[in-house]
Amino acid sequence: MQRFGTTKQPLSNNLNTLQKHRDITIERFNKFVQRGQFEDVNLNSALWKKRSGNAVTLKVFPVPDLKRISFEEAMKGEYKATKVGEWFGPILATFWFKVAVVIPPDFEGEEVRFEFDCSNEVMVWSTGGIPITGLTGTGGGGEGRHVDYLLTEKAVAGEIFEFYLEMACNDRDGLSGPDSPHPNPDVNFRLDIADITVRNKLGYDLMTYFKLMIMLVKDTPQEWQLNGDALYYADKVINAFRVNDERALKEAHDIAAKFFRDHQKEGRSLHQIYAVGHCHIDTAWLWPYDETKRKAGRSWSRQITFMKLNPKFTFTASQAQQYAWVEELYPTIFKDIQEFEKKGQFLPVGGTWVEMDCNLTSGESLCRQFLFGQRYFESRFGKRCTVFWLPDTFGYSSQLPQISSSAGMKYFFTQKISWNNINKFPHNTFKWAGLDNTEVLCHFPPADTYGGQCTVVDLLKSVHNYKDKAYSNKSMYSYGNGDGGGGPLYPMIERLEHLGNLEGMPATIQNCDPARFFEELDATSRDLNRWKGELYLEFHRGTYTSHGLVKKYNRKCEILLREVEFLSTLALANPHNQAPGFVYPSAELERIWKLVLLNQFHDVLPGSSLKLVYDDVIRFYEDVTLTGEKLKEKALQALMGHFSSANKTLRQAVAIINTTSWPIDATLVEVDLTQLSAGVKLHGDFTWQQLSKRGHALVYVDNLGAGSIQTFTFGNKPSNFVPIKVQQIILPSSQTNADDFVNVDEDTGFEVENNFIIAKFDKHGRLVSLLEKSTKHEAIAPDQLGNVFKLFEDIPIYFDAWDIEAYHLEKGWDADLGLATIEEAGPLRVVLFVKHPLTELSWLEQRIIITAADGLIEFENKVDWRENRICLKVEFPLNVNCDYATYETQFGYIQRPTHYNTSWDLARFEVCGHRYADLSEYGFGVALLNDSKYGYSTKGGVMRMSLLRSPKGPDDTTDMEIHQFRFALYPHKGSFLQSDVVKKAYQYNEKPIVHPLLVDPENLVEKQFFVSSAANFVLDTVKVAEDSRVAEGKGKVDIILRFYESYGGRGVARVETLFNIVEANFCNILEDLEDSVTVEEGRTLVIPFKPFQIVSVRLLVSPK
Ligand SMILES: [Zn+2]
């Protein structure tokens, strides 16, 4: 081979040195590494010394019916010959390949790799059924391409390698883009490569060097010496390189290596970047849960191969659920994880069961995410996580600092707030103070990503975008492909090494353990700023509403689980010993809790996943509901002892159970008489008794004790009962004129009056007036109508299921109206019924219900929803003046502006609230309660609740079904702080439980389990401790009581219980014992509390 430029005399005028045409030179650099055009004559031609397809034999077994099967099952398959060029599909299908490689003579002594690229995802298995490593094909833009597997470091000619491949027909990014309506089932994958190769180490290393040099030239400022040096040396590299010339390749390689060697600096830069490999795996999103199990196996096994290659490489992964899946499906990978955790390379973080949504989940659900997460990590790795890692969730509740601290984590990592689409968040490192003022140290990586690519741009951004330089010189950098898994590619790890200590770069880089990063940040930062309250994400506001059924199931399951635990604990620990032999259903509860927690993943509960994900989700919720109801019934029967009977003909009475921690003055319950003996009928005075339209007995219950069971026999007239009345009325024209859209030929309407309110409705069921009798306040704004259904065009800018944008409020109109009729007319309750057509495609049936028991107007709705990019809201213009509205959040509330003064106010045009939103002024207020909705917007006095959306991506069937939901309007005396809105909203969701009983339950009357002296101190959870001593056969039970302060006040609560308390301690969310609690008279707990404090108490009780 003749080399150029080797004549004795040099070429004239230094022709082979850098010329002054920078842009063209950079373009030349790009062409030198680019695949495709010129790849046979550029650096790509030097990547492999050898390649052979003939040495590889492939046989394939197509798994039928899109099933995912075990290795053992795959071994029973029938394998047929296949080859490169064949197509595999459809999407979601699995194929198993049996691979045989015979090393050809010319591969003798070489380091040989197997290379396989079908543009999808693959797991390599040994013939003995050991999963070895995951491969990612070119699909999805090729960003995560990693297609080779090291067969041997020193091959012997004739040697045979046999192994299996499990191919999943989806690319790393899932089945479709987030905005496409649904996956295209016709996608197939072509097998492009199945070769053995010998890598040319010089060519491979030069590729890594050279790509980095291009970045230095393109992405650092031209004024930098480093930039000029990189330009000069890169040019020299190209000029030295010759196709098919090892000597020239070595020369080119050495120039690049010398560049990096000569630019290593001594000591540290002022800014220090702590880098950690990471692989964000969405637990379900554009792929189902079952594929995530395999994604975790593929991604993590590959990262372990990198850890073996490079002992400095650190990698972090969150979500206990994914570890549990890997442990179950891939025990050998899990053993490796445990081994590399000990070496400080595989680093569990997060401490939660999944990376959950934090807007919609209840306070108790958040506690369980940490409880199950930390218990798992502790049991498998001997320690708990110290960093709460949640990079991708759509907003962060103001209770997270308190809850995560109580779960042992004082450090918090996220980056999602950088997605704000209106205001830029002002900090990267700061103290985040929660609702109760608990502080955690919070860090947002300044590169604004959890999936960094180890580029020069990312690293410069880490320094330049760091907003807290005055207070700290450290930032974290999380790199590696994510969402669909994968994690770092090996060249990323190598780039970081080359860049780590480069003279001229404004930072040094080191691999880190996130826990160590936070410890050092904590020790070295100074005078950090403080951010108080929620970290509201100014984006993805549609996720409070999308997929209404999932949100409803989540709420209902949270309530059901609370009831099961409450009743089962009483059945177990009841000192009256009415439930001998009752076993607390710990295992079943853990199983169904984990299903609920799984479905709280940050693309599932928010409503932003594919339809096939929701098929699993709904199935899991049905399982939880069915199991939960069975467990509840078991607990009730145990609790009622021999007064309970499955025999309907013997049931003559009902027990009514109030699981809340306050007494209920009066309420109405519905009793299905068909569940009782045929002899039981409503009797007595019909001026106070009523059958509902569907034939159920309405029972007026008053003075229901806190946390109590009360029996009820029919026929007892309540003491202070005032019947409710309804009449048709003629409305004054000023009130009907408010309607611009409908011709009003008659001014008729309805007036409903009870002891608390007078409500007037027009003939369409819209609220014309609502008078709160004790204050004589009118709740509806003058000349306005409440309970109005509005439709809004809902076309976001980016992500359909995720986003609702501020401009939707500019384009709204009234839904079509129906006519109301009286369905029930008292004396216990009045029901008005109306069916609105809404649009040509959708209708809504509403029952407006007012009872004699309180001042609530309930709206029970059934909607058939068939719209396209339309949002349905209900609107209440209130006669209340306040700059802030109050919304329930986990274990407390949060206030947000009712005006758009500043861009930060405007950004919260749609906010998340749980069971209530309230607008109050001095002396009076109105609350809007709900049973399953979360999206609210309040502007001026107008409060709106978002009911349904109709996004088409990534699931074009989203919410296209029949929905049932309830909401209620509650006018109250006093401002919010003086009101009982918290209780009303709680009770609106946790209705008293009705349980049929045998005749003569006289020994069962009035069992009160809890009485709390502080109205604002709510007993939320009663459960048996996860590691209760009852399991050790000591006969005593460890019970957890969880309270929260609900109004932002302080005091001392005296909580009287029915238990025989042996020991009482405070505990954290992980149920670790803390200080002792004062107990008076063996049964009464004395508990001091602070504003919004969550207080957990662990009792050891003796059931006897
Ligand atoms: Zn995510």
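Quick caveat: nothing in here was measured; it's all calculated off a predicted structure.

How should the overall build of the protein be read in this particular structure?
Regarding its fold elements, the protein presents 19 helices and 58 strands. Over its C-alpha atoms the protein spans a radius of gyration of 33 Å, differing by no more than 12% from the 32 Å that the globule rule assigns to 1104 residues. Dimensions of the protein, computed from C-alpha atoms along their principal axes, come out at roughly 120 × 70 × 60 Å. Residue pairs in contact within the protein that sit at least 24 positions apart in sequence constitute 76% of those at least 6 positions apart. Carbon and sulfur atoms make up 50% of the accessible area of the protein, which totals about 41,300 Å².

Help me understand the packing of helix H14 (residues 548-573) against helix H15 (residues 586-598) in this model?
Axis angle and axis distance: for two packed helices, these are the angle between their axes and the distance between the axes, and together they describe the pair. The contact between H14 and H15 brings their axes to 11 Å, and the two run at 160 degrees. Comparing the axis directions of H14 and H15 gives the class roughly antiparallel. H14 and H15 meet at a crossing whose hand is left-handed. Along its contact with H14, which presents Asn554, Cys557, Leu561, Val564 and Glu565, the element H15 presents Leu589, Ile592, Trp593 and Val596. Taken together, the residues of the contact of H14 with H15 sort by class into seven nonpolar, one polar and one charged.

I would appreciate a short explanation of a nonpolar patch on the surface in the present structure.
Residues Ile797, Tyr798 and Tyr807 make up a contiguous nonpolar surface patch of about 330 Å² in total accessible area. Its place among the elements puts tyrosine 798 in the loop between strand E33 (788-793) and strand E34 (812-814).

What should I look at first to understand the pattern of salt bridges in this one?
Pairing is possible between side chains of opposite charge, provided their charged atoms come close. A complete count under the given rule lists 71 salt bridges for this structure. Where aspartate 148 meets arginine 199, a salt bridge forms, and the shortest distance between an N and an O atom there is 3.3 Å. Of this pair, aspartate 148 sits in strand E9 (residues 148-152) while arginine 199 sits in strand E12 (residues 193-199), and the two are 51 residues apart along the sequence. For aspartate 794, the salt bridge identified is with arginine 949, shortest N-O distance 2.7 Å. Of the two residues, aspartate 794 sits in the loop between E33 and E34 while arginine 949 sits in the loop between strand E46 (942-948) and strand E47 (962-973), which places them 155 residues apart along the sequence.

How should I be thinking about the coordination of the zinc ion in this particular structure?
Six octahedral donors at a metal ideally form angles of 90 or 180 degrees, and four tetrahedral donors ideally form angles of 109.5 degrees. The protein atoms that coordinate the zinc ion are His280 (NE2), Asp282 (OD), Asp392 (OD) and His602 (NE2), at distances spanning 1.9 to 2.2 Å. Mapping the donors of the zinc ion onto the primary sequence gives the spacing H-x1-D-x109-D-x209-H. Taken as a pair, histidine 280 in the loop between strand E13 (271-278) and helix H6 (289-309) and aspartate 392 in the loop between strand E16 (387-389) and helix H10 (400-406) lie far apart in primary sequence, 112 residues in all. The class of histidine 280 is buried, set by a relative accessible area of 1%. Using a relative accessible area of 3% as the deciding quantity, one classes aspartate 392 as buried.

When you look at the environment of isoleucine 132 in this model, what are you seeing that I'm missing?
Tracing the chain through its elements places isoleucine 132 in strand E8 (residues 131-136). Residues isoleucine 132 and aspartate 918 lie 786 residues apart in sequence; the distance between their C-alpha atoms is 56 Å. Ignoring anything within four residues of it in the chain, the contact list for isoleucine 132 reads Met123, Val124, Trp125, Ser126, Tyr149, Ser301 and Thr305.

Would you take a moment to explain the pairing of E33 for this structure?
Residues in a regular strand project their side chains so that they alternate between the two faces of the sheet. Extensive coverage of E33 is indicated by the burial of five of its six residues. Sheet topology note: the E33/strand E39 (residues 870-877) ladder contains six bridges and is antiparallel. Counted as the bridge partner of glutamate 793 is isoleucine 870 from E39. The pairing of E33 with E34 spans three bridges and is classified as antiparallel.

So what exactly am I meant to see when it comes to the packing of aromatic side chains here?
A ring pair, where both rings are aromatic, is described by two values, the distance of the centres and the angle of the planes. One pass over the full model with this rule turns up 71 aromatic pairs. When the ring of phenylalanine 71 is compared with that of tryptophan 125, the centres are 5.4 Å apart and the planes differ by 25 degrees; the resulting orientation is stacked. With phenylalanine 71 in helix H2 (residues 71-75) and tryptophan 125 in strand E7 (residues 121-126), this residue pair connects regions lying 54 residues apart in the sequence. As far as the burial class goes, phenylalanine 71 and tryptophan 125 line up, both buried. Considering the side-chain rings of tryptophan 300 and phenylalanine 346, the 5.7 Å spacing of their centres and the 80 degrees angle between planes classify their relative orientation as edge-to-face.

Mind showing me how you'd approach the sheet that holds strand E31 (residues 767-772) here?
Paired through backbone hydrogen bonds, the strands of a sheet run either parallel or antiparallel to each other. The five strands are arranged E28-E29-E30-E31-E32 in an open sheet whose pairing can be described as antiparallel. This sheet does not close on itself; its edge strands, each paired only once, are strand E28 (725-730) and strand E32 (777-778).

Teacher, can you tell me more about the sheet that holds E33 here?
The strand order across the open sheet built from six strands is E34-E33-E39-E46-E45-E42, with neighbouring strands paired in antiparallel fashion. Each end of this open sheet is capped by a strand with a single partner; those strands are E34 and strand E42 (911-912).

Sorry, what's going on with the domain arrangement of the protein here?
By a widely used convention, the size of an interface equals the accessible area lost when the partners come together. Under the domain assignment used here, the protein contains domain 1 (32-43 + 203-263), domain 2 (48-199), domain 3 (271-532), domain 4 (541-642), domain 5 (732-989) and domain 6 (1009-1103). Once you take the C-alpha centre of each, domain 3 and domain 6 turn out to be 34 Å apart. Of the residues lining the interface, 16 residues belong to domain 3; the matching set on domain 6 comes to 15 residues. In this assembly, domain 3 packs against domain 6 so that about 1,400 Å² is buried in total across both faces, 57% of it on carbon and sulfur atoms. Three residues stand out in domain 3 for area buried against domain 6, namely Glu364, Leu371 and Ser406, and they jointly supply 33% of the buried area on that side. Here domain 3 is connected to domain 6 by two salt bridges. The tally of links from domain 3 across to domain 6 stands at six residue pairs in polar contact (both at pLDDT 80 or more). Tallying contributions element by element places helix H9 (residues 363-381) first for the side of domain 3 that touches domain 6, with eight residues. Of the residues belonging to the side of domain 3 that touches domain 6, the class tally is seven nonpolar, four polar and five charged.

What counts and what doesn't
- Residues numbered from 1 in each chain as written.
- Predicted model: local features only at pLDDT ≥ 70, side-chain atom pairs only at ≥ 80, totals over all residues.
- Heavy atoms only, no water.
- Helix = DSSP H or I, 4+ residues; strand = E, 2+ residues; numbered from the N terminus.
- Rg over C-alpha atoms; globule rule 2.2 N^0.38 Å.
- Contact = heavy atoms within 4.5 Å.
- Areas by Shrake-Rupley, 256 points an atom, 1.4 Å probe, with all protein chains shown as cover.
- Axes fitted to C-alpha atoms, helices over the stretch in contact; angles between N-to-C directions.
- Parallel < 35°, antiparallel > 145°, perpendicular 65-115°, else oblique.
- Left-handed = near helix turned anticlockwise from the far one by under 90°.
- Nonpolar A, V, L, I, M, F, W, Y, C, P; charged D, E, K, R; others polar.
- Patch = residues over 30% accessible without salt bridge, like charges linked within 9 Å, V, L, I, M, F, W, Y side chains within 5 Å.
- Salt bridge = Lys/Arg side-chain N within 4 Å of Asp/Glu carboxyl O.
- Donors = N, O, S within 2.8 Å, 3.2 Å for Na, K, Ca; no water.
- Buried < 20%, exposed > 50% of the residue type's maximum accessible area, 1.4 Å probe, protein only.
- Pairing = 2+ DSSP bridges.
- Phe/Tyr/Trp six-rings, centres within 6.5 Å; stacked < 30°, edge-to-face > 60°.
- Domains from an automatic or database assignment.
- Buried area = accessible area lost by both parts, 1.4 Å probe.
- Polar contact = N/O pair within 3.5 Å; in protein donor to acceptor, adjacent residues only side chain to side chain.

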